[in-house]
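Each chain, written out:
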Amino acid sequence: MEVLRRRKDDEKSKQEEKQEKDKLEQEKEKLRHGKSDAEADTIAKKVQKDDSLELLLNEQKTQWERDKLQAEKDAKKERPTLHNIELPNLQPAAFGVWRAIHELSYPAPKDVIEDLEASGIPAKIQEDFKVGFIEDLMDTAQVLTKRFSLEELQSAGISYMKEWAEKNVPVLVFPYLRDDEICYLSFRALLSQDERHELDIRRYIRLGDKIPFPYNSNLFEEILERERKKVFFLYPSRFRLNILSKEEDVLVVVEKGFEAIAIRDFNIEEEWLKLFINVEPVLIVDQTDRKFPNWEQKAHALEQQFKNHDMVMRLENLPEGSYVADWFVKSNLGERTFKPETREERKKKDKLEDI
């Protein structure tokens, strides 16, 4: 009996010991569970944060797809171009005369091309814009009178050439192009300021009272072409469009990689504004522009004209003594890096190519 009692006591002791161990294990497990719960909360928060990022990405993707579909719809619409808007100053009767003048002026002589290159207008830009040169306007006028009627010559504004022809002024010729069609001509006297003052002539003449569209208006077609290619995500939603007053400034600015057009005397026809889609118009006024009579009133009137068409025009009035070409080179892109080859360098290069 004593043995049985001892066994029962031993078994009881073992059970109690086991219960104690189990109790300790349970407490440890509780502690472990408590730590795990805290970790679980941290993980849950992280998961929630990751979900927010995923939701944001999905929202951006959805918006991108909407924009893409809208761009595809817009690309199929007929957009205003130089061919489908009314151009109030277009004079087809003069096209033949202007084309003939340009044929007599283009391409420019080699020395003129080199001079323009030295001024910052590479030969490639001159070729793209079909810049010409006429040394003797009187000879040109005589050729034209043999080929065209008096009415055609009058419609082309040949009378504006008279004073320059009599004073034997050499000129650069800037054609206004609609695709490759010449719709207008502008002349610039290729003389120094002192020579112009001595002859008492203006720096520019245009063959007509009003231009049919801004100089370099083919640019608007290029902007539409970007939209048609659906690369809106690579370009800003609005394109900065620099509005200048001189044709040669457009060539210099384009050479530096900027987009620009030229208008005359701060004037933009109402019909032209249909072309200004997805652009941010910026009027650049330099030292020579400030010589125009009432230029400030005209600039503010142009600003209001854009505002009436829900566009915001910015006015950049360059500092005293600054000109468009210098400003775009020095302020935007640093000193000019383009250096045209000299005649001696070209001769050496030609000799090397011949070997």
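Relevant structure appears above.
Residues numbered from 1 in each chain as written. Predicted model: local features only at pLDDT ≥ 70, side-chain atom pairs only at ≥ 80, totals over all residues. Heavy atoms only, no water.

Below, the discussion takes up the overall build of the protein. A tally of helices and strands in the protein yields 13 helices and eight strands. Residue burial in the protein is summarised as follows: out of 355 residues, 37% are buried. Of the contacts made within the protein by residues no fewer than 6 positions apart, 74% connect residues no fewer than 24 positions apart. Put simply, the protein shows about 22,400 Å² of open surface, and 50% of that area lies on carbon and sulfur atoms. (Helix = DSSP H or I, 4+ residues; strand = E, 2+ residues; numbered from the N terminus. Buried < 20%, exposed > 50% of the residue type's maximum accessible area, 1.4 Å probe, protein only. Contact = heavy atoms within 4.5 Å. Areas by Shrake-Rupley, 256 points an atom, 1.4 Å probe, with all protein chains shown as cover.)

A few words on a nonpolar patch on the surface. A cluster of nonpolar side chains, L53, L56 and L57, forms an exposed patch at the surface whose accessible area comes to about 280 Å². Mapped onto the elements, L56 comes out in helix α1 (residues 2-76). Owing to a relative accessible area of 42%, L56 belongs among the partly exposed residues under this scheme. (Patch = residues over 30% accessible without salt bridge, like charges linked within 9 Å, V, L, I, M, F, W, Y side chains within 5 Å. Salt bridge = Lys/Arg side-chain N within 4 Å of Asp/Glu carboxyl O.)

An α-helix turns once per 3.6 residues; consequently, residues spaced three or four apart project the same way. Those residues of helix α5 (residues 137-147) not exposed but buried are L137, T140, A141 and L144. Relative to the axis of α5, the buried residues are bounded by an arc of 100 degrees and lie together on one face. Contact partners of the buried residues in α5: α2 (95-105), β1 (132-134), α6 (150-155), α7 (162-166), β2 (171-178) and β3 (181-189). Its side-chain oxygen placed 3.0 Å from the backbone nitrogen of M138, D136 serves as the N-cap of α5. (Arc of directions from axis to C-beta. Polar contact = N/O pair within 3.5 Å; in protein donor to acceptor, adjacent residues only side chain to side chain.)

Within a pair of aromatic rings, the relevant descriptors are the distance that separates the centres and the angle that separates the planes. Inspection of the entire model under this criterion finds ten aromatic pairs. When the ring of F174 is compared with that of Y215, the centres are 6.3 Å apart and the planes differ by 85 degrees; the resulting orientation is edge-to-face. Linking F174 in strand β2 with Y215 in the loop between β4 (204-206) and α9 (218-228), this pair joins segments that are 41 residues apart in sequence. With relative accessibility at 1%, the residue F174 sits in the buried group. Plain terms: the ring middles of F276 and F306 are 5.4 Å apart, the flat faces sit at 70 degrees to each other, and that makes the pair edge-to-face. On the criterion of sequence distance, the pair formed by F276 in the loop between β6 (260-262) and β7 (279-285) and F306 in helix α11 (residues 295-308) is long-range, its members being 30 residues apart. Like F306, F276 is buried. Three or more aromatic residues joined by ring pairs make a cluster, and in this case those are F95, W98, F129, F174, Y176, Y184, F213 and Y215. (Phe/Tyr/Trp six-rings, centres within 6.5 Å; stacked < 30°, edge-to-face > 60°.)

This next bit is on the pattern of salt bridges. Within this structure, the stated rule accounts for 15 salt bridges. In this structure, E271 engages K274 in a salt bridge whose closest nitrogen and oxygen atoms are separated by 3.1 Å. Residue E271 is classed as partly exposed on the basis of its relative accessible area, which comes to 21%. Between E316 and R314 there is a salt bridge, with its nearest N and O atoms 3.2 Å apart. The buried category is assigned to E316, whose relative accessible area is 19%.

On to empty space enclosed by the protein. Using the criterion set out here, one finds two cavities of 30 Å³ or more in the structure. The space that makes up the largest cavity amounts to roughly 60 Å³. Forming the boundary of the largest cavity are P80, T81, L82, H83, R178, D179, S217, N218, F220, E221 and L275. Looking at the lining of the largest cavity, the element that brings in the most residues is α9, giving three residues. Of the residues belonging to the lining of the largest cavity, the class tally is four nonpolar, four polar and three charged. Space inside the second largest cavity adds up to approximately 40 Å³. Every residue lining the second largest cavity is listed: I243, L244, S245, I263, F266, L283, I284 and D289. Put simply, the parts of the chain that give the lining of the second largest cavity at least two residues each are β5 (239-244) and β7. (1 Å grid on protein atoms, 1.4 Å probe; cavity = no way out; pocket = protein on both sides within 12 Å on 5 of 7 lines; lining within 4 Å. Points joined across faces, edges and corners; volume = space filled by probe spheres on them. Nonpolar A, V, L, I, M, F, W, Y, C, P; charged D, E, K, R; others polar.)

What follows covers the sheet that holds β5. Spatially, β6-β5-β7-β8 is the arrangement adopted by the four strands of the open sheet, whose pairing is parallel. This sheet does not close on itself; its edge strands, each paired only once, are β6 and β8 (314-317). Averaged over all pairs of adjacent strands, the angle between strand axes in this sheet comes to 30 degrees, irrespective of strand direction. Here four bridges tie β7 to β8, and the two strands are oriented parallel to one another. Pairing of I284 across the sheet is with E316, part of β8. This element, helix α10 (residues 247-255), spans β5 and β6 of the sheet and lies at about 175 degrees to β6. Along the sheet, α11 makes contact with β5, β7 and β8, crossing β7 at roughly 180 degrees. (Pairing = 2+ DSSP bridges. Axes fitted to C-alpha atoms, helices over the stretch in contact; angles between N-to-C directions.)

Counting 82 residues, the largest nonpolar core has W98, I101, W164, F187, I268, F276 and F306 as the members making the most contacts within it. Sequence-distant contacts of W98, defined by excluding residues within four places in its chain, comprise Q91, S155, A156, I182, C183, Y184, L185 and L207. (Core = buried A, V, L, I, M, F, W, Y, C linked by side-chain atoms within 4.5 Å.)

Along β2, eight of the eight residues are buried, which leaves the element largely enclosed by surrounding structure. Residues of β2 alternate between two faces, with V171, V173, P175 and L177 on one and L172, F174, Y176 and R178 on the opposite face, all of them buried. Bridge analysis of β2 against β3 gives eight bridges, and the strand direction is antiparallel. The residue bridging P175 from the neighbouring strand is L185, located in β3. Once β2 ends, the chain turns through two residues before running back antiparallel as β3, passing D179 with a positive phi of about 60 degrees.

Honestly, that's just the spatial picture; any functional story needs more than this.
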